[in-house]
Amino acid sequence: VEHINPGLYYYSPLQHGLKHLSEKREEKDLEIFFADKHIYNMVKNASIYIFITASPSKNIWKYSERGYRFCLIEAGHLAQNINLVTAAKHLACLNIGGFYDLEVNQFLKLDGVSDITLYIACIGICG
């Protein structure tokens, strides 16, 4: 990844840009996310990890009983677009839906209730 220092970033839709949250992650942090060590071995050298998160309570407030469903649908749309862009750039992308929610949410400092992680997209050297 050019012109960006290693670390954890948050994409701010209001500012249409990245906000730096912390320095480079430790490899041990990533390993505890995955029950399947085969998947971990495939993604441990990826250049970018995109954590797709949602705030279901905000959507439920706005869209009632369909709010949670909309979070899942939009996460799928976002993941599809990530895959299309990476394919166009001749990069590898592996989407991960099976991860330890508690560990990932703690890593991202999400409470796991009002803000949750839905998906991880690993881009770059994935295998």
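This section reports on the structure supplied with the text. For clarity, every value in this text was computed on a predicted model and none was experimentally measured.

Trans is the prevailing form of peptide bonds, just as negative phi is the prevailing case for residues other than glycine. Residue Ser 64 is not a glycine yet carries a positive backbone phi of 60°. Counting through the fold element by element, Ser 64 comes out in the loop between α3 (56-63) and α4 (67-88).

Another point: the pairing of strand β5 (residues 116-124). Most of β5 sits out of view: 8 of its 9 residues are buried. Across 8 bridges, the pairing between strand β3 (residues 46-54) and β5 is antiparallel. Bridged to Ala 46 within β5 is Gly 124.

This part is about the environment of Cys 71. The topology assignment puts Cys 71 in helix α4. Through-space distance from the C-alpha of Cys 71 to that of Cys 93 is 22 Å; in sequence the pair is 22 residues apart. In this view, Cys 71 contacts Ala 54, Ser 55, Pro 56, Asn 59 and Leu 118; residues no more than four positions away in its chain are not counted.

About the criteria used
- Residues numbered from 1 in each chain as written.
- Predicted model: local features only at pLDDT ≥ 70, side-chain atom pairs only at ≥ 80, totals over all residues.
- Heavy atoms only, no water.
- Helix = DSSP H or I, 4+ residues; strand = E, 2+ residues; numbered from the N terminus.
- Buried < 20%, exposed > 50% of the residue type's maximum accessible area, 1.4 Å probe, protein only.
- Pairing = 2+ DSSP bridges.
- Contact = heavy atoms within 4.5 Å.

None of the figures reported here should be taken as evidence of function without further support.
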